[in-house]
Amino acid sequence: MADMSLKKKRAVSVHARRVIAYIVLILLSFLCLFWFYVLFINATRSNGELAKGFTAIPSTHLLKNLNNVLFHGAQDPIRGMINSFIIAGLSAVLSTYFSTMTAYAIHAYRFKGRKAIYTFILAVMMIPTQVTALGFIKWMTKLNLMNSFVPLIAPTIAAPVTFFYMKQYMDSVLSPSLIEAARIDGAGEFRTFNIIALPLMKPAIAVQMVFTFVSSWNNYFTPALILKDKAKKTLPILLAELRGADFMKFDMGQVYAMIAFSIFPVIIVYLFLSRYIVGGVTAGGVKE
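Since the model is a prediction, treat every value here as computed from it, not as a measurement.

Definitions and cut-offs
- Residues numbered from 1 in each chain as written.
- Predicted model: local features only at pLDDT ≥ 70, side-chain atom pairs only at ≥ 80, totals over all residues.
- Heavy atoms only, no water.
- 1 Å grid on protein atoms, 1.4 Å probe; cavity = no way out; pocket = protein on both sides within 12 Å on 5 of 7 lines; lining within 4 Å.
- Points joined across faces, edges and corners; volume = space filled by probe spheres on them.
- Helix = DSSP H or I, 4+ residues; strand = E, 2+ residues; numbered from the N terminus.
- Nonpolar A, V, L, I, M, F, W, Y, C, P; charged D, E, K, R; others polar.
- Phe/Tyr/Trp six-rings, centres within 6.5 Å; stacked < 30°, edge-to-face > 60°.
- Buried < 20%, exposed > 50% of the residue type's maximum accessible area, 1.4 Å probe, protein only.
- Core = buried A, V, L, I, M, F, W, Y, C linked by side-chain atoms within 4.5 Å.
- Axes fitted to C-alpha atoms, helices over the stretch in contact; angles between N-to-C directions.
- Parallel < 35°, antiparallel > 145°, perpendicular 65-115°, else oblique.
- Left-handed = near helix turned anticlockwise from the far one by under 90°.
- Contact = heavy atoms within 4.5 Å.

Caption draft 1: Representation of the layout of surface pockets in the model. Size it by volume and the largest pocket reaches roughly 1200 Å³. Lining the largest pocket we find 37 residues, and of these Thr 129, Pro 155, Thr 156, Ala 158 and Pro 160 sit closest to its centre. It is helix 6 (residues 129-142) that contributes the most residues to the lining of the largest pocket, six residues altogether. Along the lines of polarity and charge, the residues of the lining of the largest pocket split into 23 nonpolar, 14 polar and no charged. Roughly 270 Å³ of volume is contained in the second largest pocket. Lining the second largest pocket we find Leu 33, Phe 36, Val 210, Val 214, Trp 217, Asn 218, Ile 263, Val 266, Ile 267 and Tyr 270. Among the residues making up the lining of the second largest pocket, the classes are represented as nine nonpolar, one polar and no charged.

Caption draft 2: How the structure looks around the packing of aromatic side chains. Summed over all chains, the structure comprises ten aromatic pairs. For the ring pair Tyr 97 and Phe 193, a centre distance of 5.6 Å and an interplane angle of 75 degrees mean the geometry is edge-to-face. Of this pair, Tyr 97 sits in helix 4 (residues 77-108) while Phe 193 sits in helix 10 (residues 189-200); the two residues are 96 residues apart in sequence, bridging distant segments of the chain. Here Phe 213 and Trp 217 contribute two aromatic rings whose centre-to-centre distance is 5.5 Å and whose plane-to-plane angle is 20 degrees, an arrangement assigned as stacked. Residue Phe 213 and its partner Trp 217 are both found in helix 11 (residues 202-218); the two are separated by four residues, about one turn of the helix. As far as the burial class goes, Phe 213 and Trp 217 line up, both buried. Among the aromatic side chains, those forming a connected cluster through ring pairs are Tyr 97, Phe 98, Tyr 104, Tyr 109 and Phe 193.

Caption draft 3: Focus on the nonpolar core. By size, the foremost hydrophobic cluster in this structure holds 21 residues, and its most contacted members are Tyr 104, Phe 163, Met 166, Met 170, Leu 174, Met 201 and Ala 204. With five residues, helix 8 (residues 160-173) is the single largest residue contributor to this core. Within the second largest apolar cluster, 20 residues are counted, among which are Leu 70, Met 81, Val 210 and Val 255.

Caption draft 4: Examining the packing of helix 8 against helix 11 more closely. For the pair helix 8 and helix 11, the least separation of the axes is 10 Å and the interaxial angle reads 165 degrees. If you check the angle between helix 8 and helix 11, you find them roughly antiparallel. As for the relative orientation of helix 8 and helix 11, their crossing is right-handed in sense. From helix 8, Thr 162, Tyr 165, Met 166 and Tyr 169 reach across to helix 11, where they touch Pro 203, Ala 204, Ile 205, Val 207, Gln 208 and Thr 212.

In structure tokens form, the structure reads like this:
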């Protein structure tokens, strides 16, 4: 009887903890998604309606706001989206591939200075972008690369944060014996990396592609310093220009419509890669 009572108490305790966990998760999900709801609701309202305060009921000005932003404004959001997609897409692909390759080199090879290189890469991660901005701009000016996409894409190849995550994930999923077996079978180093290592790294690659894509997509600081040609500006720059319009031209409804327009590609990329993200985050935090 005592054992039965103890089992019932444990079952009740587990059930109670599960209920609490679900309540907390629902609350957190609501807090995260509520602001997206506010954004899309405000995108359907006019500037005059927004001045009256918030309402949870959608209005009827979404198409008008989008039409004014996309086709009748001083900016060209469609061109800005293409520019942002080129920069963010190439940055995500190059960053994840070469960061994974760097992590593979540190993971698979034993050589003198390996730990020092690993420490140096992590130390670089601590340097803010703003600290090196002036020197970076002077260097790009000397190389004649100002007002081009190259300075926004090429530096992402060396991504210490991505490298660190990939190294941690690789330690948990890529056994040295698997690499040795591939070498014994006659596979070259690049073939071993591309055929053996990369498929095992799919969840981590998906996670870092999303993070890198979103980071590059939302980046305003560096593109604002590099890009001067109107046809090459990215969406964050155009959004800042729209918000900085003079009082007579300022329309908050159009600003919200522009923000909603700018986050659709991020949502699409996330949904496309979402099935890998949970597994990638979980496995990346566990080291065997």
